Amino acid sequence: MEIVDILISASFWAAVIRIATPLILATMGELICERAGVLNLGIEGIMVAGAFAGWMAVYSGTGLWMGVAVAMVVGMLFGLLHAALTVPFGLSQHVVGLGVTLLATSSTYFAYRLALPQVTSPPKIAAFQAYEIPILSDIPVLGQALFSQTPFTYLAFALVAATGIMLYRTPLGLAVRAAGESPAAVAAQGLSVTGIRMGAVIVGSGFMAMGGAFLTMSAFDSFFFEMVNGRGWVAIALVVFGSWKPGKALLGAVLFAGFDALQIRVQQTSLGADIPYQIFLMTPYILSIVALILVSRRAQVPAALMIPFNKGER
Amino acid sequence: MRDTADVVLRLDAITKRFGKLIANDAISLSLRRGEVVALLGENGAGKTTLMNILFGQYTADSGTVEVFGRVLPPGNSRAALDAGVGMVHQHFTLADNMTVKENISLGAQPLFALSMKNSEITKKIKKISDDFNLKVDLEARVANLTVGERQRVEILKALYRDVKILILDEPTAVLTPQETDDLFATLRLAIANGLSIVFISHKLHEVMAISDRVSVLRHGKLVAEVDTADTDKEALATLMMGTGAVAPDIAVATPGRDLFSIKNVSTPNIGSIPGLKRVSLNLKAGQIVGLAGVSGNGQAALADLVAGLCTPAEGTIEHHGDPVKNWSARDAVNKGIARIPEDRHKTGTIADFSLTENAILECYNSDDFSKSGWMYWKKARAFAVDIIDKYDVRCPGPDTRIRLLSGGNMQKLILGRVLEAAPDIVLANQPVRGLDIGAVNYVHSQLLAARDRGAAVLLISEDLDEIMRLSDVIHVISGGRLSPEFLRGTKSPSELGGWMAGQGFDEQVTHAS
Amino acid sequence: MRLEPIANPSFARSVVPPALAIAATVVIASLLAMIAGADPFAVLGLIIKGAFGTKFALLETLNRATPLIFTGLAVAVAFRARFWNIGAEAQLYAGALVTVVLGTGALPWPGFALIPTLALGAVLAGALVLLVPAILKTRFGVDEVVTTLLLNFIFLLFISMLLEGPLKDPMGMGWPKSARLIADARLPRMFEGLRLHWGFGLAILCAVAVWVIQTRSTLGYEMRAVGLNRAAAAFAGIPVNRVLVKTALLSGGLAALAGFSEVAGLKGSLTLDLSPGFGYTGIIVAMLALLNPLGVIVTAMFVAGIFVGADSMSRAAAVPTYLADMMLATALLLMVLAIMLTRFRVRRE
């Protein structure tokens, strides 16, 4: 009964969307990279860097949107590093990705310690506030859930639409998809596979960093170590779950956030009192693995994912 | 003298070296409006290198490329395309998981245009396909097309970009004789529409049929330029091959008992590639069975079956008359099947393994090379040295990574690996693809030697000429179905072409019932 | 730009790029020290001194290197077969878990029987943990990168649950901490009077054993073949999936020994901060060693030295210890690039 009460409450669905937002941004970022043929395991570290950069910018006095832009640029710089090593040089995307995650995470912590040497609890910023979209937010339940979010969340949803349109309705998107399917076909048209792939990784990494920034600038108002907590890896699972399609990936992220929000609430019910809280915390990760098992058989993987392209070699 | 103002493409003294090898030695070539020039030469003669230079994939060491009187900047892939030159590569450059329309429109619009002009694109493709008789479903995924249809997409792709000069690299290698006729009809329409064509091939009768002039390349040198009307096949053959290379003589075979039989075997379809449909086939001692067909018609399934990579979903296989129960790649090796794989780079060898490690790939766990889990590297190395000597593998030594060898030498190592134990069944899947004439003759003579000492050989090839020359018995595979056996010389190329296109199978079924 | 394989790399070709990578790492670390407002030479000096300068420092470094040798070997074995085990962290905790479950009194045996049992139990547990992703990969085609990564989070929560529940030390003053091992379960010191336990000796032994397996055994040959070209290995009749599962068992077992050795040799009990990311650092150790098991011994000491040195440096100079992680991440990225450049020529075309 308690679970039914939770499921019909508007605040639950508002929380679902809030939890889903960083995953949506990160998943879109990874999706763009993978569609162009590059697996970006730098995602976890890039999210950490984005979370810190955006928050730090605002803490230093810039506006909120400027903070988002700063986070994005920092993410794109790490994306550039990843792309420069994996695309023209064709280095192992696994190793470089993990290296970028380590570098981004450690340099974030290094910068944090330098910027705030003596603090024990990190300072707070004035984060994004909810903006109720007129009329739409008056719809019962749905209005509260979807249209009373912060502008950052609206941006995330807009970016999903933009990604979908870009991939399926523009010549650029066609080239990006072709780079992930058959780089030789792209090169035969005199287009630069290197340029397209690097561009996709850089832009995708910018999205990932925004996903991180959402945590410090909208979901919370402060920066903690370990706050990304595996969300990047979950996003990689969501890309697979969404069959590399933006709409399905969005759906996956919301579904995942739904389970996450549900476990938080069930923990507080009488049912949750008897079960160790760790079990609840595990469920999102276990669900990610289950999702991968479910879709793995029929997943339509980009044919050239993780395969470097060396011009003139067949 | 014809008017030189009509020249649309001119290659002037192109030279390209790769280390010590001179791939192109001061080659000059010109193409006039409305003409077909054939570029004739064996594999390895330098044809592909020359075209890669034209398309900016390589930069020439010296020499220039001129299109419509303007010199192209070297090393710029876009320049040739922008100047109106289109190329249909031997290996198609299509994205399999995308639609025909997507493949054609890729790169045809500025990359940062805000939207695709979908209806305009469709209209233009439709018009071209009507004008040039190139029928293909625009919304179909390329993966679901036949090889012939894919080639039509490649040609459409070029024509869509309003090319004035079309370059076709071995376009008929993958076609049935009938599809080749259709292609030639399209090319004649293109000429009538003012295009000019470079036709790269090593097939003499096709060169005679379609071209106005022939330029012959041999070992990186331009050895002759002749008007087609003034020459014949024999003269061209001598020019192309020189006098040194002699194809092996083929004596008549005396077949023995069944060594390997496939009985009523079916396998599942994989994607758009058909599986086998109740196929029966006998491999007899001392006989070469040729399997002809257009690629993607079930050859891979049949090859995998013989090689032990797949088991029949229905039907049985017999080895020396005994039904086979357990069937895996290792079982196949242990039963003495020599397997020459279709792709020596992807499945035949491990590029970063040494020659020694590659030589023992199939037999490392035999008693010769290991015992209770421990390797005898000395014996393995001696085995590799032995193969290198016997099969004339040109290499620095057995510890060299095989990546650094030429295709021909790689294939010789594979031959040595599988033939050294004198196996009585040989599966040769596209054994000479991409090899130069010397290596081709070597491989063929080894297959014939295996046959003559009593082995059963299954030769799978897309090259009908090769099949007809070597095989004692020919089967055609189409859509996963196998034709009856045809003895050497009983069917003409066009009759076999009919079977390759799927004709004749239905009558056969009616016969049987 | 095009990459061209080099037939016979010259001596300079194979030495200069890696040397440059190391030099560049040092330069970058110096710049970071300067950004932090410290004298770069002083900082580097402090790191080296803190890692290798005194007997105490050296022993500390060797102790820190011990788990890194195990996790580095685990990664080296797996990556060689191109099985991406990023879950050494979870396998490490699995090994530690078995060690405390059996070593805190459940088996009241003498040391010569108990210690090998604990080690064996740890190996089995670690192997079992990695068996799950291995089977998901070979049976269902699920990518092992994501599953092993996510299993780290799951397993750490599982340990946390046990430490707050059944494994909680009643004497632990409420801290999530296991009971202490019995004396017979503790690894003895290698040398009288030196603070270095036999875990280090076991690590060296394992490195040699792995090296022998990789170069001399059929399994090693199979693992390398599977790693370099799965399709060719399958065609040749190598049982690819079986090799992958064997690789996973070996890799998981090695990583678990890190947990066993940390608990039985150093800490004596299990806490949630047993590993400061040894599983992940193992990737750096293995890559810097070019996946060579004997090289892992050297690079583990190098990596451990940087960590230990940075700890001691940050106490003396006001530079955050995260400098160590940044140096290692930089070294990793530059080194993979450098190794590529020893084997390929970059052509502008």
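Residues numbered from 1 in each chain as written. Chains lettered and ligands numbered in written order. Predicted model: local features only at pLDDT ≥ 70, side-chain atom pairs only at ≥ 80, totals over all residues.

### Let's talk about the overall build of chain B
Here is the rule: For the purposes of this entry, the term helix denotes a DSSP run of H or I that reaches at least four residues, the term strand denotes a run of E that reaches at least two, and both are numbered from the N terminus. C-alpha atoms define the radius of gyration, and 2.2 Å times the number of residues to the power 0.38 defines the globule rule. Any two residues are considered in contact once their C-beta atoms, placed from the backbone, lie within 7 Å.
For chain B, the helix and strand inventory stands at 18 helices and 23 strands. The C-alpha atoms of chain B give a radius of gyration of 24 Å, which matches the 24 Å a tight globule of 513 residues would have. Principal-axis analysis of the C-alpha atoms gives chain B an extent of 70 × 60 × 50 Å. For chain B, restricting intrachain contacts to residue pairs at least 6 apart in sequence, the fraction spanning at least 24 positions comes to 70%.

### Side note on the overall build of chain C
Using the following cut-off: Counting other C-beta atoms within 10 Å of a residue's own tells you its class, since 20 or more makes it buried, 12 or fewer makes it exposed, and anything in between is partly exposed; those C-beta atoms are placed from the backbone.
Counting its regular elements, chain C contains 13 helices and two strands. The dimensions of chain C, computed from C-alpha atoms along their principal axes, are 70 × 60 × 35 Å. Here chain C holds 349 residues, and 55% of them are scored as buried. Put simply, 78% of the contacts in chain C that link residues at least 6 apart link residues at least 24 apart.

### Examining the interface of chain C and chain A
Every contact between the two is made by 36 residues of chain C and, on the other side, 40 residues of chain A. Counting residues per element, the ones that place at least two in the side of chain C that touches chain A are strand S1 (2–5), helix H5 (111–140), helix H6 (144–164), helix H11 (278–288) and helix H13 (322–343) of chain C.

### A closer look at the domain arrangement of chain B
Residue and element names in this part refer to chain B. Where we set the bar: Domain extents, as shown, originate in an automatic or database domain assignment. In this count, Pro and Cys sit with the nonpolar residues alongside Ala, Val, Leu, Ile, Met, Phe, Trp and Tyr, while Asp, Glu, Lys and Arg are called charged and the others, Gly among them, polar.
Taken as a whole, chain B is organised into domain 1 (7–241) and domain 2 (247–336 + 423–513). Taking the mean C-alpha position of each, domain 1 and domain 2 sit 32 Å from one another. Taken together, the 13 residues of domain 1 in the interface contact 16 residues of domain 2. Residues belonging to the side of domain 1 that touches domain 2 are distributed by class as follows: six nonpolar, six polar and one charged.

### As for the interface of chain B and chain A
With 26 residues of chain B in contact, the opposing surface of chain A contributes 23 residues. Those elements that provide at least two residues to the side of chain B that touches chain A are helix H2 (77–82) and helix H3 (100–105) of chain B.

### Some details on the packing of H11(C) against H13(C)
Residue and element names in this part refer to chain C. This is how it is decided: Structural elements are reduced to axes, namely lines fitted to C-alpha atoms, with helices fitted over the stretch in contact, and the angle between N-to-C directions of any two is expressed from 0 to 180 degrees. Two helices crossing with the near one rotated counterclockwise from the far one by less than a right angle form a left-handed crossing, whereas a clockwise rotation gives a right-handed crossing.
Viewed as axis vectors pointing N to C, H11 and H13 meet at an angle of 35°, and their least axial separation amounts to 10 Å. Regarding H11 and H13, the two cross each other, and that crossing is left-handed. Contacts from Ile284, Met287 and Leu288 in H11 reach Leu328, Ala331, Leu332, Met335 and Val336 in H13. Classifying every residue of the contact of H11 with H13 by side-chain character gives eight nonpolar, no polar and no charged.

### Topic: helix H4 (residues 88–103) of chain C
Counted only if it meets this: Expected span of a helix, by definition, is 1.5 Å for each gap between consecutive residues, and there is one gap fewer than residues.
For H4(C), with 16 residues, the first-to-last C-alpha span of 22 Å sits near the 22 Å given by 1.5 Å per residue. C:Gly105 occupies a position one or two residues after H4(C) and carries a positive phi of about 125°.

### Concerning the sheet that holds strand S14 (residues 314–319) of chain B
Residues and elements named next belong to chain B. Defined as follows: Should DSSP find at least two bridges between two strands, the strands are regarded as paired.
Spatially, four strands are ordered S12-S11-S14-S15 in an open sheet, and the strand pairing comes out antiparallel. Looking along the sheet, the strands with just one partner apiece sit at the ends: strand S12 (279–284) and strand S15 (322–323). Pairing analysis gives two bridges linking S14 to S15, with the strands arranged antiparallel. Across the sheet, the residue bridging to Glu318 is Pro323, located in S15.

### Looking at unusual backbone geometry
All names here are of chain C. Non-glycine residue Arg82 carries a positive phi angle of around 50°. Relative to the assigned elements, Arg82 resides in the loop between helix H3 (55–80) and H4. Phi angles above zero are rare outside glycine, and Leu291 is one such case at about 65°. Within the element layout of this structure, Leu291 appears in the loop between H11 and helix H12 (293–316). Taking the number of C-beta atoms within 10 Å as the measure of exposure, Leu291 has 20 and is therefore buried.

### Considering the confidence of the model for chain C
Note the threshold: On a range of 0 to 100, pLDDT expresses the predictor's confidence in each residue.
In this model, chain C carries a mean pLDDT of 94, and residues with pLDDT of at least 70 account for 100%. With a pTM of 0.93, the predicted complex shows an ipTM of 0.94.

### Overview of the packing of H12(C) against H13(C)
Residues and elements named next belong to chain C. This is how the line gets drawn: Every angle not falling under 35 degrees, over 145, or within 65 to 115 is termed oblique; those three ranges are roughly parallel, roughly antiparallel and roughly perpendicular.
Across the interface, H12 lies against H13 with an axial gap of 8 Å and an inter-helix angle of 155°. Of the possible angle classes, the one that applies to H12 and H13 is roughly antiparallel. Every pair of crossing elements has a handedness; the one defined by H12 and H13 is right-handed. Facing Val303, Ile306, Phe307 and Ala310 of H12, the residues of H13 in contact are Leu323, Ala324, Met327 and Leu328.

### With respect to the environment of B:Asp25
All names here are of chain B. Positionally, Asp25 belongs in strand S2 (residues 21–32). C-beta crowding within 10 Å serves as the criterion here: with 16 such atoms nearby, Asp25 is assigned to the partly exposed category. Separated by 195 residues in sequence, Asp25 and Gly220 have C-alpha atoms that sit 5.5 Å apart. Ignoring anything within four residues of it in the chain, the contact list for Asp25 reads Thr15, Gly220 and Lys221.

### What to know about the environment of B:Arg33
Residue and element names in this part refer to chain B. Structurally, the position occupied by Arg33 is in the loop between S2 and strand S3 (36–40). A tally of 17 C-beta atoms within 10 Å means that Arg33 is categorised as partly exposed. Note: C-alpha distance between Arg33 and Leu195 (162 residues apart in sequence) is 6.7 Å. Dropping the residues within four chain positions of it, Arg33 is found in contact with Asp6, Val8, Gly194 and Ser196.

### What about the nonpolar core?
Note the threshold: Think of a nonpolar core as buried Ala, Val, Leu, Ile, Met, Phe, Trp, Tyr and Cys residues chained together by C-beta atoms that fall within 7 Å.
Core analysis: the biggest nonpolar cluster contains 395 residues, and A:Ala209, B:Val457, B:Leu459, C:Leu73, C:Leu257 and C:Leu323 have the highest contact counts within it. It is helix H10 (residues 193–219) of chain A that provides the largest number of residues to this core, a total of 16 residues. Each of two domains, domain 1 (7–241) and domain 2 (247–336 + 423–513) of chain B, supplies a minimum of three residues to this core. Those residues in contact with B:Val457 that lie beyond four places of it in its chain are B:Ile288, B:Val289, B:Val426, B:Ala428, B:Leu447, B:Ala450 and B:Arg451.

### Topic: the pairing of strand S10 (residues 221–227) of chain B
Residue and element names in this part refer to chain B. Across six bridges, the pairing between strand S9 (residues 213–218) and S10 is antiparallel. Across the sheet, Ser215 pairs through a bridge with Glu225, a residue of S10. Taken together, S9 and the strand that follows it, S10, pair antiparallel across an intervening segment of two residues, in which His219 is found at a positive phi of about 50°.

### Examining the environment of B:Met208
All names here are of chain B. On the secondary structure map, Met208 appears in helix H7 (residues 204–210). Once the C-alpha coordinates of Met208 and Asp232 are considered, the two residues, 24 residues apart in sequence, prove to be 7.4 Å apart. Residues in contact with Met208, not counting those within four places in the same chain, are Thr228 and Lys233.

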